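Spelled out from the first residue to the last, the chains are:
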Amino acid sequence: MTIVSKAELSSALAALPRVRLAHLPTPIDYCPTLTKRLEGPKIWIKRDDCTGVAFGGNKVRQHEFILGDAVSRGVDVVIQGAASQSNQSRQLAAAAARLGLDCILMPRKDAHYDHVQGNQLIARLFGAKIVPVDATASLKQAKEDMAARLKREGRNPAILGMGSQSALSLAAVAYVNAYLEISSQFEALDEAQPTHIYATSQGSTQAGLQAAAMLLGHSTQIRGINPMDSRNEAYEFPSAIAGQCEAAARILGFDLSVPVEEISNSTDWVGAGYGLPSADGQEASALLARTEGILVDPVYSGKGLSGLLGDIRSGLLTAKDRVVFIHTGGLPAIFSYADAILACT
Ligand SMILES: *Cc1c(COP(=O)(O)O)cnc(C)c1O
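Every value quoted in this text rests on a predicted model; they were computed, and no experiment measured them.

Undergrad: Describe in detail unusual backbone geometry, supporting the description with residues and values.
TA: Residues apart from glycine generally show negative phi values, whereas peptide bonds are mostly found in trans. Cis rather than trans, the peptide bond between Leu 24 and Pro 25 has omega equal to -10°. Along the chain, Pro 25 falls in the loop between α1 (6-14) and β1 (28-30). For Phe 55, which is not glycine, the phi torsion reads 75° and is therefore positive. With respect to the helices and strands, the residue Phe 55 is situated in the loop between β2 (42-46) and α3 (58-72). Phe 55 sits in the exposed class, given a relative accessible area of 60%.

Undergrad: Before we move on, can you summarise the state of the cysteines with the specific residues and values?
TA: In the structure shown here, the tally under the stated rule is zero disulfides. Unpaired in this structure, Cys 31 has its nearest cysteine sulfur neighbour in Cys 50, at a distance of 12 Å.

Undergrad: How would you explain the sheet that holds strand β9 (residues 264-266) if you had to name every residue and give the values?
TA: Taken together, six strands build an open sheet; the order of strands is β1-β2-β10-β7-β8-β9 and the sheet is mixed. Whereas interior strands pair on both sides, the edge strands pair on one side only; in this sheet they are β1 and β9. Going across the sheet, the axis of each strand differs from the next one's by a mean of 25°, ignoring polarity. Inspection of the sheet shows strand β7 (residues 196-200) paired to strand β10 (residues 322-326) by four bridges, in the parallel sense. Its bridge partner lying in β10, Ile 197 is registered against Val 324. Here helix α8 (residues 204-216) sits on the sheet and contacts β7, β8 (221-225), β9 and β10; the angle it forms with β8, its principal contact strand, is near 175°.

Undergrad: Account for the domain arrangement of the chain, naming residues and giving values.
TA: Each assigned domain of the chain is listed with its residue range as follows: domain 1 (6-56 + 165-343) and domain 2 (58-159). Once you take the C-alpha centre of each, domain 1 and domain 2 turn out to be 23 Å apart. In this complex, domain 1 contributes 39 residues to the contact, which on the side of domain 2 involves 32 residues. The junction of domain 1 with domain 2 conceals about 3,000 Å² of combined surface from both sides, 61% of it contributed by carbon and sulfur atoms. In terms of surface lost to domain 2, no three residues of domain 1 exceed Val 19, Leu 21 and Glu 233, which account for 21% of the buried area on that side.

Undergrad: Tell me about the packing of helix α7 (residues 165-188) against α8, and name the residues and values.
TA: Contact geometry for α7 and α8: axes closest at 7 Å, N-to-C directions at 55°. As far as their axial angle goes, α8 and α7 are oblique. Relative to α8, α7 is oriented so that their crossing is right-handed. Of the residues in α8, those in contact with Leu 168, Ala 171, Ala 172, Tyr 175, Val 176, Tyr 179 and Leu 180 of α7 are Ser 204, Thr 205, Ala 207, Gly 208, Leu 209, Ala 211, Ala 212, Ala 213 and Leu 216. In terms of residue class, the contact of α7 with α8 is built from 13 nonpolar, three polar and no charged.

Undergrad: So, the site of the ligand: which residues are in play, and what are the values?
TA: Surveying the vicinity of the ligand reveals 14 residues, the closest of which are Lys 59, Gln 62, Ser 201, Thr 205 and Thr 328. Interatomic distance of 2.8 Å between a side-chain N/O atom of Thr 205 and an oxygen atom of the ligand. At 2.7 Å, a side-chain N or O of Thr 328 approaches a nitrogen atom of the ligand. The element best represented in the shell around the ligand is α3, accounting for three residues.

Undergrad: Lay out the side chain of Gln 282 in plain terms, naming residues and giving numbers.
TA: As for its placement among the helices and strands, Gln 282 is situated in helix α10 (residues 279-292). The buried category is assigned to Gln 282, whose relative accessible area is 10%. Sequence-distant contacts of Gln 282, that is, excluding residues within four places in its chain, are made with Pro 277, Pro 298, Ile 341 and Cys 344.

Definitions and limits used
Residues numbered from 1 in each chain as written. Predicted model: local features only at pLDDT ≥ 70, side-chain atom pairs only at ≥ 80, totals over all residues. Heavy atoms only, no water. Helix = DSSP H or I, 4+ residues; strand = E, 2+ residues; numbered from the N terminus. Buried < 20%, exposed > 50% of the residue type's maximum accessible area, 1.4 Å probe, protein only. Disulfide = S-S within 2.5 Å. Pairing = 2+ DSSP bridges. Axes fitted to C-alpha atoms, helices over the stretch in contact; angles between N-to-C directions. Contact = heavy atoms within 4.5 Å. Domains from an automatic or database assignment. Buried area = accessible area lost by both parts, 1.4 Å probe. Parallel < 35°, antiparallel > 145°, perpendicular 65-115°, else oblique. Left-handed = near helix turned anticlockwise from the far one by under 90°. Nonpolar A, V, L, I, M, F, W, Y, C, P; charged D, E, K, R; others polar. Near = heavy atom within 4 Å. Polar contact = N/O pair within 3.5 Å; in protein donor to acceptor, adjacent residues only side chain to side chain.

Following this line, the structure appears as structure tokens:
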């Protein structure tokens, strides 16, 4: 496999349609107290919770490429359906408002639907049309039906998130860019490249990081901690994540073959289920808050952090390692989980 230079990757990224939404590069914070407390690797946090639009998160970064592509194809309405506390829906509604696109959000009538707080509250402030979907119905199907109806009305809709492989691949492309940011930030810090990068990921975030590391020939290991497992309609198997790595490389004009064994994505930290706070996640959240003054959320970033702490405590990562935890955001959800969070503290 031919190795690509960072300059070649940067110019391939620069050639893609893109809208500017995020505050980039996001900061990278060294965590001295957490590092000392755990007596393991040096830990940095890449602050993608600080991407800037509507309380930030990884989707702001991803929407630069996803909506850049949509706008270049003349899309005039975007459709997203997910859990009622979806971070993506919140970030999409804000981005669509900024770009003058119509936005339809299809929240699931799940346990958090009736209590309008957190992401759901914020998502409603941007003028998106809200079309709730029954708790047991397929969101994928609901989104497809909505797109078909809009097409019949002469609109040019795009489905985002689950059910759109092309949007998921462009989301991965955005994390090729994030990898380059991390690499340059480590150079500027005069640190050797990270040995490991951790992120809470269902697929796209991890796939972009993995594709970048492989294309550049870096030995940095990418580990995704999944907030869901195969009980959930949106779960992506490691083989699908490998496919997303290849697709992201292809979009950038590079040929990459990713054996499924290269993908390290763990479902060990899901706990009782997607969207249900876990004891390990809440312990990790409290530790980060009390050592570094940084918050993570109970659905995504807290569980991702619990996976990193688990790998440090089991000795998988040692004092020789340099690890970056990508903070993918999700903080507004805290406000709809007050009871569960208080029960753990
Ligand atoms: C969507 C989301 C993720 C997962 O991102 P993928 O690109 O699907 O891997 C992780 N964390 C947060 C906070 C999210 O909102």
